[in-house]
Amino acid sequence: DLVTQALHWYQTANSTEGWYNHGNLLWTGFPDQSVDQDAPEGAPQHHQEPAEQVVILPRNPQAAMESFETAIRLGDADAMYFVGV
């Protein structure tokens with residue numbers, strides 16, 4: 001599928017942007033399964049309830065952090081900001 005191909009190409013590119021995007025996709029999953037914990041109560045959420053969506057790529061925060069750490073080692077400022085370095 002296209003999501004798996006994207007993960008492969010992000011990793012194969014071995015670039016700062018590739019590793020950051022790889023981590024971001026793993027962090028959110030596909031479709032996006034993250035929930036905005038800081039949103040005001042009653043604010044519309046951008047995600048669907050799990051029963052309504054087909055999960056193509058489940059969230060994997062541990063693997064995402066490994067990707068962000070690789071991006072940081074390569075000098076990616078976005079990954080540094082995301083992780084809080």
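To keep things clear, this report deals only with the structure shown in the data block. (Residues numbered from 1 in each chain as written. Predicted model: local features only at pLDDT ≥ 70, side-chain atom pairs only at ≥ 80, totals over all residues. Heavy atoms only, no water.)

Quick notes on the overall build of the protein chain
Alright, step 1. For the protein chain, the count of helices and strands is four helices and zero strands.
Alright, step 2. Helices and strands appear in the protein chain in the N-to-C order α-α-α-α.
Alright, step 3. Classification of the 85 residues of the protein chain by burial places 29% in the buried group.
Alright, step 4. A separation threshold of at least 6 residues defines the contact pool for the protein chain, and within that pool the share at least 24 residues apart is 62%.
Alright, step 5. Element-wise, carbon and sulfur atoms account for 54% of the exposed surface of the protein chain, whose accessible area totals about 5,800 Å². (Helix = DSSP H or I, 4+ residues; strand = E, 2+ residues; numbered from the N terminus. Buried < 20%, exposed > 50% of the residue type's maximum accessible area, 1.4 Å probe, protein only. Contact = heavy atoms within 4.5 Å. Areas by Shrake-Rupley, 256 points an atom, 1.4 Å probe, with all protein chains shown as cover.)

Description of helix α2 (residues 16–28)
One turn of the α-helix equals 3.6 residues, which is why residues spaced by three or four share an orientation.
Alright, step 1. When the terminal C-alpha atoms of α2 are compared, their 18 Å separation across 13 residues agrees well with the 18 Å that a helix rising 1.5 Å per residue should span.
Alright, step 2. Taken together, the buried positions of α2 are occupied by Thr16, Gly18, Trp19, Tyr20, His22, Gly23, Leu25, Leu26 and Thr28.
Alright, step 3. Buried residues belonging to α2 abut α1 (2–13), α3 (61–73) and α4 (77–83).
Alright, step 4. With its phi angle positive at about 75 degrees, Gly29 sits one or two positions after the end of α2. (Expected span 1.5 Å × (residues − 1).)

What to know about the side chain of Thr28
Alright, step 1. When you line up the elements, Thr28 lands in helix α2.
Alright, step 2. The contact partners of Thr28, leaving out residues within four places of it in the chain, are Gln33, Ser34 and Arg59.

Topic: the packing of aromatic side chains
Alright, step 1. Using the criterion set out here, one finds four aromatic pairs in the structure.
Alright, step 2. Here the aromatic rings of Phe68 and Phe82 are separated by 4.5 Å at their centres, their planes lie at 40 degrees, and the arrangement is tilted. Highlighted residues: Phe68 in helix α3 and Phe82 in helix α4, separated in sequence by 14 residues.
Alright, step 3. The buried category is assigned to Phe68, whose relative accessible area is 0%.
Alright, step 4. Joined through ring pairs, the aromatic side chains of Tyr20, Trp27, Phe68 and Phe82 make up one cluster. (Phe/Tyr/Trp six-rings, centres within 6.5 Å; stacked < 30°, edge-to-face > 60°.)

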